Amino acid sequence: MERKVKVVQYGTGKMAVYTMRYIEEKGGEVVGAIDINPDIIGKDIGEIMGQAPKGVEVTSLENAEEMLKEVKPDICVVETMSLFKDVKDALMLCAKLGINAITTCEEAFYPMNSYPDATKQIDELAKQNGCTITGSGYQDIYWGQLVTSIAGSTQNIKKIKGSSSYNVEDYGIALAKAHGAGLNLKEFEEQVASSDNISEEERQKLINSGEFLPSYMWNVNGWLCEKLGLTVTSQTQKCVPQTYKEDLYSSTLNMTVKAGDAVGMSAVVTTTTKEGITLETECIGKVYSSEDYDKNEWTIQGEPNTTIVVSRPQTVELTCATIVNRIPDVINAKSGYVPTEQIGELNYKVKPLSEYVK
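Note that the structure is predicted; figures quoted are calculated from it, not measured.

The rules behind the values
- Residues numbered from 1 in each chain as written.
- Predicted model: local features only at pLDDT ≥ 70, side-chain atom pairs only at ≥ 80, totals over all residues.
- Heavy atoms only, no water.
- Helix = DSSP H or I, 4+ residues; strand = E, 2+ residues; numbered from the N terminus.
- Rg over C-alpha atoms; globule rule 2.2 N^0.38 Å.
- Buried < 20%, exposed > 50% of the residue type's maximum accessible area, 1.4 Å probe, protein only.
- Contact = heavy atoms within 4.5 Å.
- Areas by Shrake-Rupley, 256 points an atom, 1.4 Å probe, with all protein chains shown as cover.
- Lys, Arg positive; Asp, Glu negative; His and termini not counted.
- Charge placed at Lys NZ, Arg CZ, Asp CG, Glu CD.
- Axes fitted to C-alpha atoms, helices over the stretch in contact; angles between N-to-C directions.
- Parallel < 35°, antiparallel > 145°, perpendicular 65-115°, else oblique.
- Left-handed = near helix turned anticlockwise from the far one by under 90°.
- Nonpolar A, V, L, I, M, F, W, Y, C, P; charged D, E, K, R; others polar.
- Salt bridge = Lys/Arg side-chain N within 4 Å of Asp/Glu carboxyl O.
- Pairing = 2+ DSSP bridges.
- Phe/Tyr/Trp six-rings, centres within 6.5 Å; stacked < 30°, edge-to-face > 60°.
- Lys NZ or Arg CZ within 6 Å of the ring centre and 35° of its normal.
- Core = buried A, V, L, I, M, F, W, Y, C linked by side-chain atoms within 4.5 Å.

**Quick look at the overall build of the protein chain**
Stage number 1. Across its full length, the protein chain carries 12 helices and 15 strands.
Stage number 2. Taking 2.2 N^0.38 as the reference for a compact globule, 358 residues should give roughly 21 Å; the C-alpha atoms of the protein chain span a radius of gyration of 20 Å, in line with that estimate.
Stage number 3. Burial status across the protein chain gives 54% buried among its 358 residues.
Stage number 4. Long-range contacts, defined here as pairs at least 24 residues apart, represent 73% of the contacts in the protein chain between residues at least 6 apart.
Stage number 5. If you sum the accessible surface of the protein chain, you get close to 15700 Å²; carbon and sulfur atoms cover 47% of it.
Stage number 6. Of the charged side chains in the protein chain, 35 are positive and 50 negative; the average position of the first set lies 4 Å away from that of the second.

**Structural notes on unusual backbone geometry**
Stage number 1. With an omega dihedral of -5°, the bond running from glutamate 303 to proline 304 counts as a cis peptide bond.
Stage number 2. Secondary-structure assignment places proline 304 in the loop between strand S13 (295-303) and strand S14 (306-311).
Stage number 3. Phi is positive for lysine 72, close to 50°, though the residue is something other than glycine.
Stage number 4. With respect to the secondary-structure elements, lysine 72 resides in the loop between helix H3 (64-71) and strand S4 (75-78).
Stage number 5. For lysine 72, a relative accessible area of 56% gives the class exposed.
Stage number 6. The backbone phi angle of arginine 312 is positive, close to 55°, even though this residue is not glycine.
Stage number 7. With a relative accessible area of 56%, arginine 312 lands in the exposed category.

**Comments concerning the packing of helix H1 (residues 14-25) against helix H11 (residues 315-332)**
Stage number 1. Where H1 meets H11, the axes come as close as 9 Å, and the angle between the chain directions of the two elements is 40°. By the angle class used here, H1 and H11 are oblique. Two packed elements cross with a definite hand, and for H1 against H11 that hand is right-handed. Side by side, H1 and H11 meet where Met15, Tyr18, Thr19, Tyr22 and Ile23 of the first sit next to Val316, Glu317, Thr319, Cys320, Ala321, Val324 and Ile327 of the second.
Stage number 2. In the contact of H1 with H11, the residues fall into nine nonpolar, two polar and one charged.

**Brief notes about the pattern of salt bridges**
Stage number 1. In total, this model carries 16 salt bridges according to the counting rule given.
Stage number 2. A salt bridge links glutamate 291 to lysine 245, with the nearest nitrogen and oxygen atoms 3.7 Å apart. You can see glutamate 291 sitting in the loop between strand S12 (278-286) and S13 and its partner lysine 245 sitting in the loop between strand S8 (232-243) and strand S9 (248-250), a full 46 residues away along the chain.
Stage number 3. With a relative accessible area of 49%, glutamate 291 lands in the partly exposed category.
Stage number 4. Among the charged side chains, a salt-bridge network with shared partners connects Asp140, Arg326, Asp329 and Lys349.

**Quick notes on the sheet that holds strand S6 (residues 132-135)**
Stage number 1. Reading across the sheet, the seven strands line up as S3-S2-S1-S4-S5-S6-S15 and stay open at both edges, with parallel pairing between neighbours. The two strands at the open ends of the sheet, each matched to only one other strand, are strand S3 (58-60) and strand S15 (336-337).
Stage number 2. Taken strand by strand, H11 contacts strand S1 (6-10), S4, strand S5 (100-103) and S6, and its axis lies near 150° from that of S5.

**A closer look at the packing of aromatic side chains**
Stage number 1. Summed over the entire model, instances satisfying the criterion amount to nine aromatic pairs.
Stage number 2. Taking 6.1 Å as the distance between ring centres and 75° as the angle between the ring planes, the aromatic pair formed by phenylalanine 84 and tyrosine 115 counts as edge-to-face. Here tyrosine 115 lies in the loop between S5 and helix H5 (116-129) and phenylalanine 84 lies in helix H4 (residues 84-97), a separation of 31 residues in the sequence.
Stage number 3. Aromatic ring contacts, followed pair by pair, group Tyr138, Tyr142, Trp143, Tyr166 and Tyr216 into a single cluster.
Stage number 4. Taking NZ or CZ as reference, arginine 312 lies 3.9 Å from the ring centre of tyrosine 293, over its face.
Stage number 5. If you follow lysine 349 out to its NZ or CZ, it ends over the ring of tyrosine 356, 5.7 Å from the centre.

**Points about the nonpolar core**
For soluble globular proteins, nonpolar side chains are generally found buried alongside one another.
Stage number 1. The biggest cluster of nonpolar side chains holds 73 residues, and the ones touching the most others in it are Ile45, Trp143 and Ile327.
Stage number 2. In contact with isoleucine 327, other than residues within four places in its own chain, are Val5, Val7, Ile23, Ile75, Val77 and Leu353.
Stage number 3. Counting residues in each nonpolar core, the second largest holds 29 residues, with Tyr10, Val31, Met67 and Leu91 among its members.

**Details of the environment of glycine 11**
Stage number 1. Position of glycine 11 relative to the elements: it lies in the loop between S1 and H1.
Stage number 2. Glycine 11 sits in the buried class, given a relative accessible area of 6%.
Stage number 3. Once the C-alpha coordinates of glycine 11 and glutamate 280 are considered, the two residues, 269 residues apart in sequence, prove to be 33 Å apart.
Stage number 4. Non-local contacts of glycine 11, meaning those with residues more than four positions away in its chain, are made with Ala16, Ile34, Asp35, Glu79 and Thr80.

**Thoughts on the side chain of asparagine 167**
Stage number 1. Counting through the fold element by element, asparagine 167 comes out in strand S7 (residues 156-167).
Stage number 2. Sequence-distant contacts of asparagine 167, that is, excluding residues within four places in its chain, are made with Lys286, Val287, Tyr288 and Asp294.

**A word on the sheet that holds S14**
Stage number 1. On the basis of which strands lie adjacent, the open sheet formed by six strands has the order S8-S11-S12-S7-S13-S14 and mixed pairing. Edge positions in the sheet fall to S8 and S14, since each of these pairs with one other strand and no more. Recorded for the sheet is a direction-independent mean angle of 10° between the axes of neighbouring strands.
Stage number 2. Strand direction decides the pairing type here: strand S11 (residues 262-273) and S12, joined by eight bridges, are antiparallel. The residue of S12 that forms the bridge with glycine 264 is lysine 286.

What follows is the structure, encoded as C-alpha cells:
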C-alpha cells in the first residue's frame, strides 16, 4: 500500500490514548474517532492524546455511520466493552459498511463458544461485504500464542494450566463492574457467581440465546483448543470473589471498597477434550492493593513439564501494541469473522504498517 493505513478509533478511553499514538508511530493515520461520552464528543483527538491538535474530532455514535462512509478507513479499532453483546452493534456496523475491524473485547477473542448466533451474523455480513472482523489484545500473545509455542516444544501434554492477574483500574468502569468490584459478598453471589451454578444444559441454552456471561478464559480455552486441534468434550467455569483485609479506594468506581467486600474476582475455566488433555485456566481481575502486581503464568504438564512466568507485564500497553501490530494481518486476512488463531502468528512490525498490507 502506497498511502498510510487509515484507522478509525471507536472508543476514546484510557487505552485509546496508547492505541492512537502507537498507530501514528507505526506510520498509520487516525482519520476518525467515535464515542458516546458527551464530554469527549467534539474534542480533537490530539487533546485526548496529550498532543497538539490533529484536526480530527471525536464523532458521536449517532453520526458514526455517516463519518465512516466519509473517511473510508481501512480498519476500525473498537476499544469499548468486554462482552460481545456490548460490541456487537459496532462490529455489525463495520461489517455492513465493509470496513475491517479489530476489537479488544475479551469475549471477541473466540466468541464462537459463548455467543455463536451473533458471531454467525457478523461473519455472514462481513463475507458479503468483503471485510474481516476479529478480536485481539493481550490475550493474543500471553494467553494464546505463547502457550501454543510452548506446546510446540512438548512431546506429550496431559494438562495446560494458566493464571493471569490484572488491575481492573486500568481498563475502565465497565470491566471493573463485570468483575463484581464494589459488591458485598451477597451481591456478588447473586449478580456474578450464581450464573455459574447451573447445569450444562442450562448453560448451553444461555449460550444459544446470547445471555451467557463468559469469563475471559472461557473464550481463551476455545481459542487454544482450536489452535491445538483439540476437540472439546466439556467446559465449566466458576467465579470466586476476591477480597482484601483493608478498605481499598477505586478511582475507576469512584468509591471505597470496604474490607471483606469484593475487590474483583477469580474465574476458573476447566475444559476437557477428546484427546485427553485438560485445560485449567484462571484470570484474576481486581482493584489492586499496594502489594499486588500483574502476573502471567502458564504450565504445561507432560513430557517435559514447562512453566513460564511473566512478572509485571505492562498489560495495557501490551494490549494496545498487539492491536496495532495486528492491523496489517487483519486487512490481509480472508473475509468474515476470523479469530486470530486462523490469521497466523503475530510479529513485530518494524516498518510502517502500510508496507505489510498486500
